[in-house]
Amino acid sequence: QVQLVESGGGLVQAGGSLRLSCAPSGRTFSTYAKGWFRQAPGKEREFVAGITWAGGSARYADSVKGRFTISRDNAKDTVYLQMNSLKPEDTAVYYCGAANTIAAIIAMSGAWGQGTQVTVSS
């Protein structure tokens, strides 16, 4: 049963931007920490960014710091990932998740979506 639905992926040239969105399906996650992972072909899934339920604290992977920004709108129960200065190595399927804490998200606990493809061409 899908609980989170990602959108906003697509094909973009290197240096471009995309904004991913993630909204719930069938239940609310407005009081949960939320985050994003990604998985490139042949690689393990890696943590990208996480944000606390109130939005007061965020955490990023070193590879995306300064380029990606995670934010949330609890009224819409939606989390966003603004991706700027995209690089070919950012190409991956991006998944959003919701869990009690950012640490739980990093541990890949909680609810997850089915992912959205991001492809960055050189």
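Values in this document were obtained by computation on a predicted structure and should not be read as measured data.

Asker: Would you mind showing me how to read the overall build of the chain here?
Answerer: Within the chain one finds one helix and 11 strands. Mapped in sequence order, the helices and strands of the chain form the string β-β-β-β-β-β-β-β-β-α-β-β. For the chain, the C-alpha radius of gyration of 13 Å lies close to 14 Å, the compact-globule estimate for 122 residues. Across its three principal axes, the chain shows a C-alpha extent of roughly 40 × 30 × 25 Å. When each of the 122 residues of the chain is scored for burial, the buried share is 43%. Of the contacts formed within the chain by residues at least 6 apart in sequence, a portion of 57% connects residues at least 24 apart. In the structure as shown, the chain presents an accessible area of about 6100 Å², 47% of it carried by carbon and sulfur atoms.

Asker: I would appreciate a short explanation of the nonpolar core in the present structure.
Answerer: Soluble globular proteins tend to pack their nonpolar side chains together in the buried interior. Within the largest apolar cluster, 26 residues are counted, with the highest numbers of intra-cluster contacts made by W36, V48, F68, L81, M83 and Y94. Listing elements by their share of this core, those giving two or more residues are β3 (18-24), β5 (46-51), β7 (68-73), β8 (78-83), β9 (92-99) and β11 (116-121). Looking at which element gives the most residues to this core, the answer is β9, with four residues. The residues touching F68, leaving out its near neighbours within four places in the chain, are R38, V48, Y60, L81, Q82, M83, N84, L86, D90 and Y94. Core analysis: the next-biggest nonpolar cluster, separate from the first, contains 10 residues, A33, Y95, A99 and W112 among them.

Asker: I tried to follow the state of the cysteines on my own but got confused; where do I start?
Answerer: The term disulfide refers to a covalent linkage connecting the sulfur atoms of a pair of cysteines. Evaluated as defined, the whole model comprises one disulfide. Across a sulfur-sulfur distance of 1.8 Å, C22 and C96 are joined as a disulfide pair. Of the two residues, C22 is situated in strand β3 and C96 in strand β9; the sequence distance between them amounts to 74 residues. The class of C22 is buried, set by a relative accessible area of 2%.

Asker: Can you help me understand the pattern of salt bridges in this one?
Answerer: Opposite charge on two side chains makes pairing possible when the charged atoms of those side chains draw close. This model, assessed by the stated rule, comprises five salt bridges. We note a salt bridge from D77 to K34, for which the minimum N-O separation is 2.7 Å. Here D77 is found in the loop between β7 and β8, whereas its partner K34 is found in strand β4 (residues 33-39), with 43 residues between them in sequence. E46 serves as the salt-bridge partner of R38, at 2.6 Å between the closest nitrogen and oxygen. Residue classification places R38 among the buried residues on the basis of a relative accessible area of 4%. With relative accessibility at 34%, the residue E46 sits in the partly exposed group. Through salt bridges with shared partners, a single ionic network connects R38, E46, R67 and D90.

Asker: Whenever I open this one, the pairing of β11 confuses me. Can you help?
Answerer: Two faces belong to every sheet, and in a regular strand the side chains alternate between them. On β11, burial follows the alternation: T116, V118 and V120 on one face are buried, whereas Q117, T119 and S121 on the facing-out side are not. Sheet topology note: the strand β2 (residues 10-13)/β11 ladder contains four bridges and is parallel. Considered in β11, the bridge of G10 is made with V118. Of the strand pairs in this sheet, β9 and β11 are connected by three bridges, and their pairing is antiparallel. Within the sheet, the bridge partner assigned to A92 lies in β11 and is V118.

Calculation rules
- Residues numbered from 1 in each chain as written.
- Predicted model: local features only at pLDDT ≥ 70, side-chain atom pairs only at ≥ 80, totals over all residues.
- Heavy atoms only, no water.
- Helix = DSSP H or I, 4+ residues; strand = E, 2+ residues; numbered from the N terminus.
- Rg over C-alpha atoms; globule rule 2.2 N^0.38 Å.
- Buried < 20%, exposed > 50% of the residue type's maximum accessible area, 1.4 Å probe, protein only.
- Contact = heavy atoms within 4.5 Å.
- Areas by Shrake-Rupley, 256 points an atom, 1.4 Å probe, with all protein chains shown as cover.
- Core = buried A, V, L, I, M, F, W, Y, C linked by side-chain atoms within 4.5 Å.
- Disulfide = S-S within 2.5 Å.
- Salt bridge = Lys/Arg side-chain N within 4 Å of Asp/Glu carboxyl O.
- Pairing = 2+ DSSP bridges.

All we've got here are geometric facts, nothing functional implied.
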